[in-house]
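Breakdown of the fold
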Amino acid sequence: NNSIYHGHISGGRIHRSDGAIIDDDIFSAPAPPPTELTKVFAAGTAIGGEILTRCWTSDLAVGDSENPFGVFTCRANHAPANSNFNDHRFLYARFDGSAWRVHMLAKAGGPLWTTEQDYVGGAAVDPQDRNVVYISAPIDPRDDTALPKHEIFKGVTPDGGDTWQWTPVTFNSSVENLRPVVPRWKSDRTAVLWCRGTMRSSQDYDTKIVGIIEPRAPMPQSGWRL
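The present account deals with the structure reproduced in this document.

How each quantity is defined
- Residues numbered from 1 in each chain as written.
- Predicted model: local features only at pLDDT ≥ 70, side-chain atom pairs only at ≥ 80, totals over all residues.
- Heavy atoms only, no water.
- Salt bridge = Lys/Arg side-chain N within 4 Å of Asp/Glu carboxyl O.
- Helix = DSSP H or I, 4+ residues; strand = E, 2+ residues; numbered from the N terminus.
- Buried < 20%, exposed > 50% of the residue type's maximum accessible area, 1.4 Å probe, protein only.
- Pairing = 2+ DSSP bridges.
- Axes fitted to C-alpha atoms, helices over the stretch in contact; angles between N-to-C directions.
- Phe/Tyr/Trp six-rings, centres within 6.5 Å; stacked < 30°, edge-to-face > 60°.
- Lys NZ or Arg CZ within 6 Å of the ring centre and 35° of its normal.

Time to look at the pattern of salt bridges. Scanning all chains against the criterion turns up nine salt bridges. Between Asp 144 and Lys 107 there is a salt bridge; the shortest N-O distance is 3.6 Å. Of this pair, Asp 144 sits in the loop between β11 (129-139) and β12 (146-156) while Lys 107 sits in strand β9 (residues 100-109); the two residues are 37 residues apart in sequence, bridging distant segments of the chain. Given the relative accessible area of 30%, Lys 107 is considered partly exposed. One salt bridge connects Arg 142 with Asp 140, and the closest N-O pair in it is separated by 2.7 Å. Among the ionic contacts, a cluster of salt bridges with common partners joins Glu 50, Asp 87 and Arg 89.

Here's what the structure looks like:
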């Protein structure tokens, strides 16, 4: 029942999120346990009355302020244990210099295939804009409507993660749209890439890498049909 921890390596040392050193030499043994890093989110924490467990990292970036931010997934409403794999959530986390602030982001639906109960469509942050994320979900984050396929949505927060405004990047798709990635690109444009096609397991898939390049401006509300 994983929790999420964060740290970074600099100058051959391991640091907590706030810069405190927990290991003076990354090449020496033994290595410190993950629990000595900064806890981002504890498994079993409740948000909005829903207990979140089985946490897994999705993406992480460091902004111009050098404070990290990222997205991760959890199972929701998972009681008794191993009775429900079909309600995952995306969460957004931002370090403010002293503590991590975590917010519910969107519903991620069930697993992509039954043998990996926590593999979902995926999410990514824009490494150049901490207020922007992209998710792949079979549920429309605007109104929680179930969708026939996983679609890519762009989320923008005006208040540090408390609320999100969503725009479809893809919609009414004939195949799945999975695993969005936003490369770091010092430009006035943004590139968003993802896998389009069918994925039956990590080793069995028929997908193409597709994407869009757009100016750093809001996308049209209708989305693109792919």
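With respect to topology, four strands assemble into an open sheet ordered β10-β11-β12-β13, the strand pairing being antiparallel. Two strands close off the open sheet at either side, each with one partner strand: β10 (123-126) and β13 (165-168). Strand-to-strand twist across the sheet, computed as the mean angle between neighbouring axes with direction ignored, equals 25°. Bridge count between β12 and β13: four bridges; the pairing is antiparallel. Across the sheet, Phe 153 pairs through a bridge with Pro 168, a residue of β13.

With that settled, the discussion passes to the sheet that holds strand β4 (residues 38-41). Taking strand neighbours across the sheet as the criterion, the four strands line up as β3-β2-β1-β4 in an open arrangement whose pairing is antiparallel. Two strands lie at the open edges of the sheet, namely β3 (21-23) and β4, each paired on one side alone. Averaged over neighbouring strand pairs, the angle between their axes works out to 45° when direction is ignored.

Moving on, we come to the packing of aromatic side chains. A full pass over the atoms with the stated rule returns six aromatic pairs. Aromatic side chains Phe 153 and Phe 171 sit 6.3 Å apart centroid to centroid with 80° between the ring planes, which places their arrangement in the edge-to-face category. Of this pair, Phe 153 sits in strand β12 while Phe 171 sits in the loop between β13 and β14 (176-181), and the two are 18 residues apart along the sequence. By relative accessible area, Phe 153 is classed as buried at 0%. A relative accessible area of 21% means that Phe 171 is categorised as partly exposed. An aromatic cluster is built from Tyr 92, Trp 164 and Trp 166, whose rings are joined through pairwise contacts. The ring of Phe 171 carries the charged tip of Arg 142 above its face, separated from the ring centre by 5.4 Å.

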